[in-house]
Amino acid sequence: MNLVKKAWLVRPYPHNKKRLDEFKTKNIVAVGWPGIGNLTGKSREELKDILSKAPYNLSGLALGNAYAIIDIFVNQMQTGDLVLVPDGDDIFFAEIISNYYHEPSVDNDTDGYPHQRTVIWLANTSRKQLTKELRSSLKVHRTTADLSRHSEEIDALAHGKLYKPADNTSGTVDISYPLRPNHVISFTIPTDMSQDEANRLSTYFASLYFVK
């Protein structure tokens, strides 16, 4: 039985600087946050503690987003997993072939991509070749994200194959929404949902809050 690989999003803008050329030339993917040293073996709670102190002094939502992003890159990714790297309309695919490591030569504010993994670049395609569902998942505003629900499609495209999604005979689609770090809401809607139904659903969600 073939096991479906996990797949991840990694944006090529560590430390808010485009590094796609470096990614491809050095056969790496990387994230930013220079100045916090080697993160090998650091748990989510330890990452949270590190980012709450100098030089970043993060708190609240910014802290939650940051340590979730780094935890994915440092702890959750595994060798053999697939990576999708988007750059505008261009989509690049790679396979991870190393554990997380720290590269001190670029651990500075000028370079800023010290947290790295080695990859093998596999293929590339255009954004329009992706299914609507995968394109929608790429709208997440994070440097890294779990795309494993699209693993079959990403695996096919990464190896230069056409991907044809299975017919949705149920007439429904599963939706996931990252409400907060570590809490994703999942629900199922009909594929032919009307605007009126969407408005009613929005009103229902707006009523789901609890006053402390």
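Refer to the structure printed above.
Residues numbered from 1 in each chain as written. Predicted model: local features only at pLDDT ≥ 70, side-chain atom pairs only at ≥ 80, totals over all residues. Heavy atoms only, no water.

Colleague: If you had to explain the environment of V106 to someone new, which residues and values would you point to?
Modeller: By the secondary structure assignment, V106 is in the loop between strand 5 (101-102) and strand 6 (115-126). The sequence separation of V106 and G35 amounts to 71 residues, and the corresponding C-alpha distance is 10.0 Å. Ignoring sequence-local partners within four residues, the contact set of V106 consists of D111, G112, Y113, P114 and Q116. (Helix = DSSP H or I, 4+ residues; strand = E, 2+ residues; numbered from the N terminus. Contact = heavy atoms within 4.5 Å.)

Colleague: Requested: an account of unusual backbone geometry, with residues and values cited.
Modeller: Here the amide bond leading from A54 into P55 is cis, since omega sits at 10 degrees, within 30 degrees of zero. Locating P55 in the fold gives a position in the loop between helix 2 (44-51) and helix 3 (60-76). Unusually for a residue other than glycine, N27 sits at a positive phi of about 55 degrees. Its relative accessible area of 35% is what places N27 among the partly exposed residues. (Buried < 20%, exposed > 50% of the residue type's maximum accessible area, 1.4 Å probe, protein only.)

Colleague: Which residues make up the nonpolar core, and what values go with them?
Modeller: Counting 31 residues, the largest nonpolar core has V29, W33, L39, L51, I70 and M77 as the members making the most contacts within it. Elements represented by at least two residues in this core include exactly strand 1 (7-10), helix 1 (20-26), strand 2 (28-31), helix 2, helix 3, strand 3 (82-87) and strand 4 (90-96). If one sorts the elements of this core by residue count, helix 3 sits on top with eight residues. Beyond its immediate sequence surroundings of up to four residues, W33 is in contact with L51, Y56, A66, I69, I70, P114, H115 and T143. Of all hydrophobic cores here, the second largest spans 14 residues; its members include L84, L130, L157 and A158. (Core = buried A, V, L, I, M, F, W, Y, C linked by side-chain atoms within 4.5 Å.)

Colleague: A description of the side chain of E153 should follow, citing residues and the corresponding values.
Modeller: With respect to the helices and strands, the residue E153 is situated in helix 5 (residues 151-158). Among the polar contacts made by the side chain of E153, one reaches the side chain of T131 at a distance of 2.7 Å. Look past the residues within four positions of E153 in its chain and what remains in contact with it is L130, T131, L134 and Y163. (Polar contact = N/O pair within 3.5 Å; in protein donor to acceptor, adjacent residues only side chain to side chain.)

Colleague: Go over the packing of helix 2 against helix 3 with me, naming the residues and quoting the values.
Modeller: At a minimum axis separation of 9 Å, helix 2 and helix 3 run at an interaxial angle of 130 degrees. Relative to helix 3, the element helix 2 lies oblique. For the crossing formed where helix 2 meets helix 3, the hand is right-handed. Contacts from R44, L47, K48 and L51 of helix 2 reach helix 3 at L63, A66, Y67, A68, I70, D71, N75 and Q76. (Axes fitted to C-alpha atoms, helices over the stretch in contact; angles between N-to-C directions. Parallel < 35°, antiparallel > 145°, perpendicular 65-115°, else oblique. Left-handed = near helix turned anticlockwise from the far one by under 90°.)

Colleague: Pulling in residues and values, what's your account of the pattern of salt bridges?
Modeller: A full pass over the atoms with the stated rule returns seven salt bridges. Among the ionic pairs, E95 bridges to K5, the shortest N-O distance being 3.6 Å. Here E95 is found in strand 4, whereas its partner K5 is found in the segment before strand 1, with 90 residues between them in sequence. Overall, K5 belongs to the partly exposed group, its relative accessible area being 32%. (Salt bridge = Lys/Arg side-chain N within 4 Å of Asp/Glu carboxyl O.)

Colleague: Tell me what's going on with a nonpolar patch on the surface, and back it up with residues and numbers.
Modeller: On the surface, Y204, F205 and L208 cluster together into a nonpolar patch covering about 300 Å² of accessible area. By the element assignment, F205 lies in helix 6 (residues 195-206). Take F205: its relative accessible area is 35%, and that puts it in the partly exposed class. (Patch = residues over 30% accessible without salt bridge, like charges linked within 9 Å, V, L, I, M, F, W, Y side chains within 5 Å. Areas by Shrake-Rupley, 256 points an atom, 1.4 Å probe, with all protein chains shown as cover.)

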